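# Coordinate inspection notes
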Amino acid sequence: MHLRCYSCPNEQRYIVRILFIVPIYAFDSWLSLLFFTNDQYYVYFGTVRDCYEALVIYNFLSLCYEYLGGESSIMSEIRGKPIESSCVYGTCCLWGKTYSIGFLRFCKQATLQFCVVKPLMAVSTVVLQAFGKYQDGDFDVTSGYLYVTIIYNISVSLALYALFLFYFATRELLSPYSPVLKFFMVKSVIFLSFWQGMLLAILEKCGAIPKIHSARVSVGEGTVAAGYQDFIICVEMFFAALALRHAFTYKVYADKRLDAQGRCAPMKSISSSLKETMNPHDIVQDAIHNFSPAYQQYTQQSTLEPGPTWRGGAHSLSRSHSLSGARDNEKTLLLSSDDEF
């Protein structure tokens, strides 16, 4: 329905990417259960799930940025305000500091690093698995599972901390968009599923989860816990689908996409909307902007302008989208900001 009522691409591209987590998680976990054997083929399917969850974290933070009008609009609201010291939100160490472009840059960088670390850990898992150096639930120092888990835990905790910091700074600005349910759903699907898997692995290691002894199925240590994890995720995704449907409702965009007869766009528009949604150009551009030293003190400001492709100066970026048959140019300006975090 978001693809049919694709009236606000700047926001809905992120929402659609987030909503895809349900079918990808569920289908991937189901395939893992089909290959529930000692050969641990499920590890290879799990890499797809791991890579996509990193993408969801980035898109959720980007959606929050878009709700508030982008970096420049956020900075105009919070720049110079003192950061409230709070142990609950992890800002006790930031006492005496004020919000600046460096603060927003940290939130984006901490999120983007997870988008890099997670796929790298997924690839490392596949390589270690191929050489017999990876075993789910094996915390031995000679096993790659221990080191992959430590690195991933640090990375995911940093990304979670960045989301907390951003919400703490903008919770009043985000209040019209009902952010609590959105934050809870994304964090629970991504982070709780990881710690849930960790708990299951520890329980199996302690003997709380019995091993499977069957002539038809042969499984090794750690595999049973992974099987429980995949099964639980399949069940959880049903409830996640219901909650996400409510949290990211399409109805707020439906009225903007009605034609003269009050009908939504035809079905044939779904393919073009999906193609625009899955275009990774905005992700690449954002990564360059947040990590390139040349743009560290610039904020992005996006505008839509009709007409031919716009040509900008040395500190401007641009991209174009086709909407409802008309050509609009989404121009991203980089505005100078001299403050630091």
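Under an unreviewed UniProt entry, the name given to the protein is Transmembrane protein 184B isoform X2, and the organism recorded is Carlito syrichta. Under the UniProt heading Subcellular location (unreviewed entry), the entry covering the protein gives this text: "Membrane".

### With respect to the overall build of the protein
Assigned secondary structure in the protein consists of eleven helices and three strands. N-terminal to C-terminal, the α/β element order of the protein is α-α-α-α-α-α-α-α-α-α-α-β-β-β. When the accessible area of the protein is evaluated, it comes to approximately 16,900 Å², of which 63% is carbon and sulfur surface.

### Regarding the nonpolar core
Among the nonpolar cores identified, the biggest contains 62 residues, and Ile21, Leu104, Phe166 and Phe248 are the most heavily contacted of them. Only helix 1 (9-19), helix 2 (21-34), helix 3 (42-67), helix 4 (71-78), helix 5 (101-130), helix 6 (144-174), helix 7 (179-205) and helix 8 (223-247) provide two or more residues apiece to this core. Of the residues forming this core, the biggest block, twelve residues, is contributed by helix 6.

### Regarding the pattern of salt bridges
Counted by the stated rule, this structure contains three salt bridges. Two residues, Arg49 and Asp230, come together in a salt bridge whose shortest N-O distance is 3.0 Å. Here Arg49 is found in helix 3, whereas its partner Asp230 is found in helix 8, with 181 residues between them in sequence. For Arg49, a relative accessible area of 12% corresponds to the buried category. Arg171 serves as the salt-bridge partner of Glu84, at 3.8 Å between the closest nitrogen and oxygen. Residue Glu84 is found in the loop between helix 4 and helix 5, and its partner Arg171 is found in helix 6; the two are separated by 87 residues along the sequence. Taking relative accessible area as the criterion, Glu84 reaches 46% and is therefore assigned partly exposed.

### Focus: unusual backbone geometry
Even without a glycine there, the phi angle at Ser178 is positive, about 50 degrees. Within the element layout of this structure, Ser178 appears in the loop between helix 6 and helix 7.

### Side note on the environment of Asp140
The topology assignment puts Asp140 in the loop between helix 5 and helix 6. Here Thr142 takes part through its side chain, which lies 2.4 Å from a polar atom of the side chain of Asp140.

### Looking at helix 1
Most of helix 1 sits inside the fold, with ten of its eleven residues counted as buried. Buried residues of helix 1: Pro9, Asn10, Glu11, Gln12, Arg13, Tyr14, Ile15, Val16, Arg17 and Ile18, and no others.

### Details of a nonpolar patch on the surface
Together, Phe27, Trp30, Leu34, Phe35, Tyr41 and Tyr44 make up an exposed nonpolar region whose accessible area comes to about 620 Å². In terms of residue count, the dominant contributor to the nonpolar patch is helix 2 (three residues). Tracing the chain through its elements places Trp30 in helix 2. Judged by relative accessible area, Trp30 falls into the partly exposed class, the value being 45%.

### Remarks on the UniProt feature "transmembrane region" (unreviewed entry) in the protein
Listed under "transmembrane region" (unreviewed entry) in the UniProt record, and renumbered for this structure, are residues 14-36, 110-132, 144-168 and 180-203. Along residues 14-36 the backbone is 87% helical and 0% strand, and the end-to-end C-alpha distance reaches 33 Å. End-to-end, the C-alpha atoms of residues 180-203 are 31 Å apart, and along that stretch the chain is 100% helix and 0% strand.

### Here we look at the packing of aromatic side chains
Both the distance between ring centres and the angle between the ring planes are used here to describe each pair of aromatic rings. Inspection of the entire model under this criterion finds ten aromatic pairs. The interplanar angle of 10 degrees and the centroid separation of 5.0 Å between the aromatic rings of Tyr65 and Phe166 together place this pair among those described as stacked. Within this pair, whereas Tyr65 is found in helix 3, its partner Phe166 is found in helix 6, the two being separated by 101 residues in sequence. On the basis of relative accessibility, which here comes to 0%, the residue Phe166 falls in the buried class.

### Observations regarding the environment of Ala243
Mapped onto the elements of the fold, Ala243 is located in helix 8. Along the sequence, Ala243 and Met185 sit 58 residues apart, while their C-alpha atoms lie 7.3 Å from each other.

### Comments concerning the packing of helix 4 against helix 6
Contact geometry for helix 4 and helix 6: axes closest at 11 Å, N-to-C directions at 85 degrees. Compared by their axis directions, helix 4 and helix 6 come out roughly perpendicular. Contacts between helix 4 and helix 6 involve Ile74, Glu77 and Ile78 from the first element and Phe166, Ala169, Thr170 and Leu173 from the second. Its residues assigned to classes, the contact of helix 4 with helix 6 shows five nonpolar, one polar and one charged.

### Section: the confidence of the model for the protein
Overall, the prediction assigns the protein a mean pLDDT of 76, with 76% of residues at 70 or greater. Within the model, pLDDT remains below 50 along residues 303-329, and this stretch shows 58 contacts once partners closer than five positions in the same chain are excluded.

### Notes on the side chain of Glu53
With respect to the helices, strands and loops of the structure, Glu53 is situated in helix 3. Accessibility expressed as a relative area gives 4% for Glu53, which makes it buried. Beyond its immediate sequence surroundings of up to four residues, Glu53 is in contact with Tyr25, Phe114, Lys118, Tyr152 and Ile190.

### Details of the packing of helix 2 against helix 8
Put simply, helix 2 and helix 8 touch, their axes get as near as 9 Å, and they point 160 degrees apart. It follows that helix 2 is roughly antiparallel to helix 8 by the angle criterion. The handedness of the crossing between helix 2 and helix 8 comes out as left-handed. For the pair formed by helix 2 and helix 8, the contact residues are Ile21, Val22, Tyr25, Ala26, Ser29, Trp30, Ser32 and Leu33 on the first element and Gly227, Asp230, Phe231, Ile233, Cys234, Met237, Ala240, Ala241 and Leu244 on the second. Residues that form the contact of helix 2 with helix 8 fall into these classes: 13 nonpolar, three polar and one charged.

Quick notes on the rules
Residues numbered from 1 in each chain as written. Predicted model: local features only at pLDDT ≥ 70, side-chain atom pairs only at ≥ 80, totals over all residues. Heavy atoms only, no water. UniProt positions renumbered as here; feature names shortened; annotations may be inferred. Helix = DSSP H or I, 4+ residues; strand = E, 2+ residues; numbered from the N terminus. Areas by Shrake-Rupley, 256 points an atom, 1.4 Å probe, with all protein chains shown as cover. Core = buried A, V, L, I, M, F, W, Y, C linked by side-chain atoms within 4.5 Å. Buried < 20%, exposed > 50% of the residue type's maximum accessible area, 1.4 Å probe, protein only. Salt bridge = Lys/Arg side-chain N within 4 Å of Asp/Glu carboxyl O. Polar contact = N/O pair within 3.5 Å; in protein donor to acceptor, adjacent residues only side chain to side chain. Patch = residues over 30% accessible without salt bridge, like charges linked within 9 Å, V, L, I, M, F, W, Y side chains within 5 Å. Phe/Tyr/Trp six-rings, centres within 6.5 Å; stacked < 30°, edge-to-face > 60°. Axes fitted to C-alpha atoms, helices over the stretch in contact; angles between N-to-C directions. Parallel < 35°, antiparallel > 145°, perpendicular 65-115°, else oblique. Contact = heavy atoms within 4.5 Å. Nonpolar A, V, L, I, M, F, W, Y, C, P; charged D, E, K, R; others polar. pLDDT = per-residue confidence, 0-100. Left-handed = near helix turned anticlockwise from the far one by under 90°.

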